[in-house]
Amino acid sequence: MKVGVLFFILIIVFSYNINCSQKISVIGTGYVGLVTGACLSSFGHKVICADIDTSKIQKLNNNIIPIYEPGLTELIAKERQENRLLFTSDIPNAIKESDIIFIAVGTPMSADGSADLTALYAVLETIGHNINSPKIICIKSTVPIGTCKSIKPFLSKIINQKLIKVVFNPEFLREGSAVQDSLHPDRIIFGGSKKAINVLQDTFISLINKNVPVITTDLTTAEMIKYAANAFLAIKLSYINEMAQFCDKIKADCGVVAQGIGLDKRIGNLFLKPGPGYGGSCFPKDSQALLNSAKKNDMPLHILKASVKVNNKQIKYIFNQLLNLMDNNLHGKTVAVLGLAFKANTDDVRYSPAIPFIKNLQKHNCIIKAYDPIASENMKHEFPDIIYSTNIYDACKNADAVVILTEWPEFANVDLSLIKDLVKTPILLDTRNIISTEILDNLEFNYTNVGNCKVK
Ligand code: UGA
């Protein structure tokens with residue numbers, strides 16, 4: 001009898017898992033698409049990741065992961081071994097083979113600051129021309145408010161709109177911890193019709209069963225949640241960066257200020273590290289897109305506007321700190337730039353503070369010796385002519401000044417007495433507050449960081 005009951009339970013569990021396994025395609029294999037595809041596969045679904053970039057797909061099929069993202073290589077290898085994860089550049093076939101199509105293509109900033117939706121609409125057209133059965137289109141790309149609502153009318157020019165349902169499922173992963181963030185999200189947001197959301201809830205049942213909070217709402221509200229979240233975080237950073245400037249002036253320690261305010265649960269201690277200003281492919285772009293959208297609706301977003309202004313000023317402020325350290329004489333000097341990625345644990349240099357900083361150095365005819373553990377190759381597209389060193393010490397040899405722009409752990413653990421021996425003059429600007437001020441004092445470096453922070 002007991003064996004019979006157990007068998008019955010096993011059959012239920014087994015068939016439940018089978019029912020839960022969905023046929024999914026993810027179009028776009030960038031940071032969001034690739035991580036989403038791999039994670040959905042790890043939830044037990046059959047996933048096809050598709051991209052028009054044939055060389056990228058070729059690499060993926062040869063187990064070469066085109067981006068640096070901790071844990072992603074291992075996850076993809078495991079999922080491919082389980083035969084749940086495929087890569088293809090045949091997007092029409094990926095569409096035909098799946099019931100749910102995630103779109104995770106880039107929506108970069110265009111010249112006027114608005115989001116460029118060319119790739120999104122190209123994918124939608126391909127869906128329109130290849131649809132063979134009812135599909136759910138789930139938008140992961142960050143899109144301007146109102147975009148998701150416009151998808152059905154757009155596709156109805158090509159197909160019967162009853163064939164598709166649209167859901168917006170915004171992404172909150174951070175580059176550098178994308179796999180962890182996707183497997184342990186703070187919340188899941190679904191915007192769209194109830195029926196479609198029900199299907200998507202099955203897609204994410206592994207997370208929902210772990211009590212990850214879920215919010216279901218309409219398309220426009222979901223779009224707004226994504227922008228409002230990124231804008232809030234950008235504002236928080238601009239706030240602490242401005243406080244850091246003030247702390248520099250009055251000789252208060254901004255690190256302790258951040259700690260002191262961050263212990264208040266209403267404020268929270270995350271996203272309170274002053275630095276060279278926020279960068280990356282999201283905050284600058286999304287802040288601007290939200291401002292654009294607000295302007296169209298005659299709604300000036302004063303606080304967000306101020307935060308963008310403060311961020312633009314922050315990189316100038318940092319550069320002025322270097323000028324001060326160098327007695328306003330940078331002309332022809334050799335500067336070691338440590339860190340090119342927009343933050344640690346990524347090879348991404350999009351909107352990295354290093355870009356305007358290096359441009360400023362070039363204006364002063366500086367010799368630039370740059371080092372980054374993994375982002376140099378990407379930065380070579382932007383600056384083919386600066387010197388790329390293969391390690392920290394090589395970059396610092398004979399430098400008139402050393403500048404830290406990314407918070408890579410290996411910079412924090414650098415041998416400062418060796419650096420002192422290597423450089424021409426012991427001048428150091430630490431824009432990430434990771435270098436021990438105690439050691440810098442002992443070694444008699446002329447240095448500064450952001451917000452007059454004492455660093456152990
Ligand atoms: C950001 C959001 O954090 C994600 O939730 C969101 O999904 C993503 O944008 C997106 O929209 O796709 P990401 O741009 O990868 O993620 O990086 P963050 O870790 O948020 O850092 C953004 C910038 O703020 C970086 O330049 C970083 O150096 C800076 N930052 C962050 C600070 O200067 N101080 C801090 O305390 C934290």
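Refer to the structure above for everything that follows.
Not measured: the values here are computed from a predicted model.

Draft legend 1. Region of interest: the site of the ligand. The ligand sits among 19 residues. The nearest are Phe172, Leu173, Glu175, Lys226 and Asn230. The contact in question runs from an oxygen atom of the ligand to an N or O atom on the backbone of Glu175, over 2.8 Å. At 3.4 Å from an oxygen atom of the ligand is found a main-chain nitrogen or oxygen belonging to Phe342. In the complex, the protein chains occlude 91% of the 720 Å² of accessible area that the ligand would expose alone. Contributions of two or more residues to the shell around the ligand are made by helix H11 (219-250) and helix H13 (283-296).

Draft legend 2. Structural context of helix H9 (residues 194-203). Those residues of H9 lying buried are Ala196, Ile197, Leu200 and Thr203. The arc that holds the buried residues of H9, viewed along the axis, is 95°, so those residues lie on one side. Residues of H9 that are exposed and point more than 90 degrees away from the buried face comprise Lys194 and Lys195.

Draft legend 3. Expanded view of the sheet that holds strand S2 (residues 46-50). The eight strands are arranged S3-S2-S1-S4-S5-S6-S7-S8 in an open sheet whose pairing can be described as mixed. One side of each edge strand has no neighbouring strand; the edge strands of this open sheet are strand S3 (85-88) and strand S8 (214-217). Going across the sheet, the axis of each strand differs from the next one's by a mean of 20°, ignoring polarity. One ladder, built from four bridges, connects S2 with S3; its direction is parallel. Within the sheet, the bridge partner assigned to Ile48 lies in S3 and is Leu86.

Draft legend 4. Focus on a positive patch on the surface. On the surface, a cluster of positive charge is contributed by Lys309, Lys313, Lys316 and Lys363. The leading source of residues in the positive patch is helix H14 (residues 302-325), at three residues. Along the chain, Lys316 turns up in helix H14.

Draft legend 5. Structural detail: the packing of H13 against H14. The contact between H13 and H14 brings their axes to 10 Å, and the two run at 145°. For the crossing formed where H13 meets H14, the hand is left-handed. Residues Ser287, Gln288, Leu290 and Leu291 of H13 lie in contact with H14, whose contacting residues are Leu304, Lys305 and Val308. Across the contact of H13 with H14, the residue classes tally to four nonpolar, two polar and one charged.

What counts, and where the lines are drawn
- Residues numbered from 1 in each chain as written.
- Predicted model: local features only at pLDDT ≥ 70, side-chain atom pairs only at ≥ 80, totals over all residues.
- Heavy atoms only, no water.
- Near = heavy atom within 4 Å.
- Polar contact = N/O pair within 3.5 Å; in protein donor to acceptor, adjacent residues only side chain to side chain.
- Areas by Shrake-Rupley, 256 points an atom, 1.4 Å probe, with all protein chains shown as cover.
- Helix = DSSP H or I, 4+ residues; strand = E, 2+ residues; numbered from the N terminus.
- Buried < 20%, exposed > 50% of the residue type's maximum accessible area, 1.4 Å probe, protein only.
- Arc of directions from axis to C-beta.
- Pairing = 2+ DSSP bridges.
- Axes fitted to C-alpha atoms, helices over the stretch in contact; angles between N-to-C directions.
- Patch = residues over 30% accessible without salt bridge, like charges linked within 9 Å, V, L, I, M, F, W, Y side chains within 5 Å.
- Salt bridge = Lys/Arg side-chain N within 4 Å of Asp/Glu carboxyl O.
- Lys, Arg positive; Asp, Glu negative; His and termini not counted.
- Charge placed at Lys NZ, Arg CZ, Asp CG, Glu CD.
- Left-handed = near helix turned anticlockwise from the far one by under 90°.
- Contact = heavy atoms within 4.5 Å.
- Nonpolar A, V, L, I, M, F, W, Y, C, P; charged D, E, K, R; others polar.

As far as function goes, none of this settles anything; it's purely spatial.
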